[in-house]
Amino acid sequence: MTELPARRLLLVHAHPDDESINNGATMARYAAEGAHVTLVTCTLGERGEVIPSESRHLTGAALGAHRRGELAAALRELGVEDSRLLGGAGRYGDSGMMGIADNDDPACFWQADVDAAAASLAEVILEIRPQVLVAYDDNGGYGHPDHIQAHRVAMRAAELAAERGHRIAKVYWNRVPRSVAEAAFARLEDELPTLPFEKSGSVADVPGVVDDERITTAVDGTAYAAAKAAAMRAHVTQIEVAPGRPYFALSNDLAQPLFTTEYYELVRGEAQPGETDLFAGIEGAS
């Protein structure tokens, strides 16, 4: 295998589009700076709600295949070349929202054996040997079963990889500080009449919002705002981005802010004061 760059970042996401919404600016920044950025996506989002009327005929496996193409287009915008599907394409199906019959499908990710899925992810970890892992918190950011399961699998995979000789130096969870979210929605309310959305969402619609003191790291991706917006637009079945504006909406048509500084909570490893770099303090990764 070709020798990898000194800095190696692994992100684990539930569906295509989650990576661009949560970490698009971070991924674009580190890719541009020469880090090896690896994305593992756990499902193809086969049960996602489609926004454009001309694409609503896409369901199940056909939608998953289409969303895989959207993911590839998004990653081109971000400059990320290493993308994996957990266990291979179609291994784990989208589980749908929490509390519906789809959660009981034996083929869905929610029903997957955590250790088996984590073993697949651990193989990626042992291949890439990332110093940094980005994942969701134990509620998956907002309670979606696939996000919760992605958290469980990512954290267990880190343990399995450590048992086999590679300890990830720093593990982060995706976050948004409450004060930042509240300020962004206040701006959104003022600008809503000029946006292509009828209503505004709320702070409760943003995954991973926590009190400010829990934030350990802020990655400034302002220089990559256009790349993040372009990546989100590539997920055309799932996201509508306001032209030239830092706002977007999902299938509920509720406007949300598009954040270009992305925030994290370090849950394993040693945080540096005022961190602005996920690799801060990691020897040999500067």
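What you are looking at is a predicted structure, and each value in this text was computed from that prediction instead of being measured.

## A few points about the sheet that holds strand β6 (residues 199-200)
- Taken together, the four strands give an open sheet; going across it, the order is β6-β11-β10-β9, and neighbouring strands pair in mixed fashion. The two strands at the open ends of the sheet, each matched to only one other strand, are β6 and β9 (240-241).
- Note that β6 and strand β11 (residues 254-257) share two bridges and pair parallel. Bridge assignment links K199 to a residue of β11, and that residue is L254.
- Helix α5 (residues 178-191) rests against β6, β10 (247-249) and β11 of the sheet, and its axis sits at about 130 degrees to β11.

## Observations regarding the state of the cysteines
- Using the criterion set out here, one finds zero disulfides in the structure.
- In this structure C42 is a free cysteine whose sulfur lies 13 Å from that of C108, the closest cysteine sulfur available.
- Here C42 falls in the buried class, since its relative accessible area comes to 3%.
- Of the residues examined, C108 reaches a relative accessible area of 1% and is grouped as buried.

## With respect to the packing of helix α3 (residues 114-128) against helix α4 (residues 145-163)
- Two elements in contact, α3 and α4, have axes whose closest approach is 7 Å; the angle formed by their N-to-C orientations is 55 degrees. In terms of orientation, α3 and α4 fall into the oblique class. Classified by chirality, the crossing of α4 by α3 is right-handed. Between α3 and α4, the residues in contact are V114, D115, A117, A118, A119, L121, A122, I125 and L126 and Q149, R152, V153, A154, R156, A157, A158, L160 and A161, respectively.

## What about the pattern of salt bridges?
- Tallied over the entire structure, the rule returns 18 salt bridges.
- Of the charged contacts, one joins R47 and D105 as a salt bridge, the two residues approaching to 3.3 Å between their closest N and O atoms. With R47 in the loop between β2 (36-41) and α2 (60-78) and D105 in the loop between β3 (82-85) and α3, this residue pair connects regions lying 58 residues apart in the sequence.
- For R47, a relative accessible area of 32% translates into the label partly exposed.
- Classification of D105 by relative accessible area gives partly exposed; the value is 26%.
- Here E123 and R164 are joined by a salt bridge, their closest N and O atoms 2.6 Å apart. Taken together, the residues span a long stretch of sequence, with E123 in helix α3 and R164 in the loop between α4 and β5 (170-177) at a distance of 41 residues.

Calculation rules
Residues numbered from 1 in each chain as written. Predicted model: local features only at pLDDT ≥ 70, side-chain atom pairs only at ≥ 80, totals over all residues. Heavy atoms only, no water. Pairing = 2+ DSSP bridges. Helix = DSSP H or I, 4+ residues; strand = E, 2+ residues; numbered from the N terminus. Contact = heavy atoms within 4.5 Å. Axes fitted to C-alpha atoms, helices over the stretch in contact; angles between N-to-C directions. Disulfide = S-S within 2.5 Å. Buried < 20%, exposed > 50% of the residue type's maximum accessible area, 1.4 Å probe, protein only. Parallel < 35°, antiparallel > 145°, perpendicular 65-115°, else oblique. Left-handed = near helix turned anticlockwise from the far one by under 90°. Salt bridge = Lys/Arg side-chain N within 4 Å of Asp/Glu carboxyl O.

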